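Examination of the molecular architecture
If you want the building blocks of each chain, they are given just below.
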Amino acid sequence: MQESAQRRPRPEETRAWESLVAAARRTVADGLVVGTSGNVSVRVGDTVLVTPSGVPYDRLAPADLTGVALDGRQVLGTLVPTSELPLHLAVYRATDAGAVVHTHAVHATAVSTLVEELPLVHYMAAALGGPVRVAPYATYGTDELAAHVLRALDGRSGCLLRNHGTVTHGATLDQAYDRTAQLEWMCRLWLTAASVPGRTPALLTEEQVAEVGQRLRGYGQRP
Ligand SMILES: [Zn+2]
């Protein structure tokens, strides 16, 4: 248990906690997570609010607000932070992410057992920065897994974790959440197309996906 004296949450942290709890509940409602698996975090300044370990999301209350500094030191709350804290913190230290979502979404996890990279079945791969990589397996909660994930995320806002699940990040909780939903949808799409007997899905080229990436960033718009 954390015994150290802690500061009180700031108003913006209290508001961010409400959004975090809502996003965490949405991962369950949308079927991306079962029970207490998966976790969500959001960065407020130099503090990272994270879902606590092992508490069902429908029981999370304002008083359960859990926050850590970027070095992992707990600065808010008394509940133990998610066991995947090293992964979340590694993403914040290496990127400009404002939020991180980790799930065990079933189609994405199925794909993580089959390929090294999600085949380019749809141009929405561009919304994640290009072909989505699969990070090699390592035990959950370890620095080794966090390191694998960082490598798989290079130039991407999402990746798969082999035999485990998904990680996405975004500027906001909504963006990180939407990227998880898109990733799960693309994995489901590929599994559906790839499961037709005797047929192989047509794939896009990296160039075709990169062209969409430019469009998504607002290139080529007329005034
Ligand atoms: Zn997990």
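Keep in mind it's a predicted model, so treat the numbers as computed, not measured.

**Side note on the overall build of the protein chain**
Scanning the protein chain from terminus to terminus reveals six helices and eight strands. Counting from the amino terminus, the protein chain carries its helices and strands in the arrangement α-β-β-β-β-α-β-α-β-α-β-β-α-α. Over its C-alpha trace the protein chain gives a radius of gyration of 18 Å, about what one expects of a compact globule, namely 17 Å for 223 residues. Here the C-alpha coordinates of the protein chain stretch approximately 60 × 45 × 30 Å along the principal axes. The burial tally for the protein chain puts 42% of its 223 residues in the buried class. For the protein chain, restricting intrachain contacts to residue pairs at least 6 apart in sequence, the fraction spanning at least 24 positions comes to 66%.

**As for the pairing of strand 7 (residues 158-161)**
Neither face of strand 7 is exposed, since Gly 158 and Leu 160 on one face and Cys 159 and Leu 161 on the opposite face are all buried. Of the pairings in the sheet, the one linking strand 6 (residues 134-135) to strand 7 comprises two bridges and is parallel in character. Looking at strand 7, one finds that Ala 135 is bridged to Leu 161. Counting the residues in the hairpin turn of strand 7 and strand 8 (residues 165-170) gives three residues, including Asn 163, whose phi is positive at 50°.

**Examining the packing of helix 2 (residues 85-94) against helix 4 (residues 143-152)**
Relative to each other, helix 2 and helix 4 sit at 40°, their axes nearing to 8 Å. On the basis of the axis angle, helix 2 is oblique to helix 4. Crossing geometry of helix 2 relative to helix 4 is assigned as right-handed. Between helix 2 and helix 4, the residues in contact are Pro 86, Leu 87, Ala 90 and Ala 94 and Asp 143, Leu 145, Ala 146, Val 149 and Leu 150, respectively. Looking at the contact of helix 2 with helix 4 residue by residue, the classes come out as eight nonpolar, no polar and one charged.

**Here we look at the UniProt feature "domain: Class II aldolase/adducin N-terminal" (unreviewed entry) in the protein chain**
In the numbering adopted here, UniProt assigns the feature "domain: Class II aldolase/adducin N-terminal" (unreviewed entry) to residues 18-191. Between the first and last C-alpha atoms of residues 18-191 the distance is 35 Å; the span itself is 33% helix and 19% strand.

**Details of the nonpolar core**
Counting 56 residues, the largest nonpolar core has Leu 20, Leu 49, Val 149, Cys 159 and Leu 160 as the members making the most contacts within it. Considering every element that reaches this core, the biggest residue donor is helix 5 (residues 173-194), with seven residues. When near neighbours in sequence (up to four residues on either side) are disregarded, Cys 159 contacts Val 132, Arg 133, Ala 135, Val 149, Ala 152, Leu 153 and Val 167.

**Describing helix 4**
Within the span of helix 4, buried status applies to Leu 145, Ala 146, His 148, Val 149 and Ala 152. Taken around the axis of helix 4, the buried residues stretch over an arc of 160°, which confines them to a single face. Turned more than 90 degrees from where helix 4 packs its buried face, Asp 143 and Arg 151 sit exposed. At its buried positions, helix 4 is contacted by helix 2, strand 6, strand 7 and strand 8.

Reading the values: rules and limits
- Residues numbered from 1 in each chain as written.
- Predicted model: local features only at pLDDT ≥ 70, side-chain atom pairs only at ≥ 80, totals over all residues.
- Helix = DSSP H or I, 4+ residues; strand = E, 2+ residues; numbered from the N terminus.
- Rg over C-alpha atoms; globule rule 2.2 N^0.38 Å.
- Buried ≥ 20, exposed ≤ 12 C-beta atoms within 10 Å, placed from the backbone.
- Contact = placed C-beta atoms within 7 Å.
- Pairing = 2+ DSSP bridges.
- Axes fitted to C-alpha atoms, helices over the stretch in contact; angles between N-to-C directions.
- Parallel < 35°, antiparallel > 145°, perpendicular 65-115°, else oblique.
- Left-handed = near helix turned anticlockwise from the far one by under 90°.
- Nonpolar A, V, L, I, M, F, W, Y, C, P; charged D, E, K, R; others polar.
- UniProt positions renumbered as here; feature names shortened; annotations may be inferred.
- Core = buried A, V, L, I, M, F, W, Y, C linked by C-beta atoms within 7 Å.
- Arc of directions from axis to C-beta.

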